[in-house]
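Chain by chain, the residues run as shown.
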Amino acid sequence: MKKSVLLVALLSVFAFSSCKDNAADKVNEENVATAEVRDAESGKFPAITFEESQFDFGTIDQGTAVEHIFKFKNTGEAPLMIVNAKSSCGCTVPEYTKEPVAPGASGELLVKFNGSGQNQVSKTVTLTTNTKAGTETLTIKAFVNPKAGAGNAQAPIKTPTSK
């Protein structure tokens, strides 16, 4: 009985080890080349460089819609993607390209502000990108003159009356 168990174990070891294919024979040279290129480029990132990171609209009247185009260039080594652009409030709307910007190429981001608020107003636009930092921030500001009669009227002063 011991001999038959030993014989089955020996045959099993022989069968499992002899059926193995050489793993090196299964390597596809094309896949190796693709992996080498991918690994070499894994350290490359796009970089976004703006001509200006903030813009001042100056003095505007309340409710006056204004817009500004922020121009940028991809100064990195990989295609630049702007994944999302959101503002600090609903009164500011960013519009951006959804297409990749190649290294060395330029792009634009339009920021619209509806002129809400009063006095000195500052808003930010945060971009989510595939740059090394991952986010970029732009700022717009304006001095908003209130509309005539809006916010300047005082409530009547109540005085005690005698009867």
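Below is a short write-up of the structure. (Residues numbered from 1 in each chain as written. Predicted model: local features only at pLDDT ≥ 70, side-chain atom pairs only at ≥ 80, totals over all residues. Heavy atoms only, no water.)

**A short note on the pairing of strand β7 (residues 119–129)**
We count it as follows: Paired strands are those between which DSSP finds at least two bridges. Secondary structure elements follow DSSP: runs of H or I of four or more residues count as helices, runs of E of two or more count as strands, with numbering from the N terminus.
Both strand β4 (residues 82–87) and β7 contribute to a ladder of five bridges, which runs antiparallel. Across the sheet, residue N84 finds its bridge partner in β7, namely T128. Two elements, β7 and strand β8 (residues 135–145), share 10 bridges in a ladder whose sense is antiparallel. Paired with N119 across the strands is V144, a residue of β8. The antiparallel hairpin formed by β7 and β8 contains five residues in its connecting segment, where G134 sits at a positive phi of about 90°.

**Regarding the pattern of salt bridges**
Rules: The term salt bridge refers to a side-chain nitrogen of Lys or Arg lying within 4 Å of a carboxyl oxygen of Asp or Glu. The classification of residues rests on relative accessible area computed with a 1.4 Å probe and restricted to protein chains. Under 20% of the type maximum is buried, over 50% is exposed, and intermediate values are partly exposed.
For the structure on display, the rule yields one salt bridge. Close ionic contact of E95 with K112 constitutes a salt bridge, the shortest N to O distance being 3.1 Å. Of this pair, E95 sits in strand β5 (residues 92–96) while K112 is found in strand β6 (residues 106–113), placing the two residues 17 residues apart along the sequence. Overall, the relative accessible area of 31% leaves K112 in the partly exposed class.

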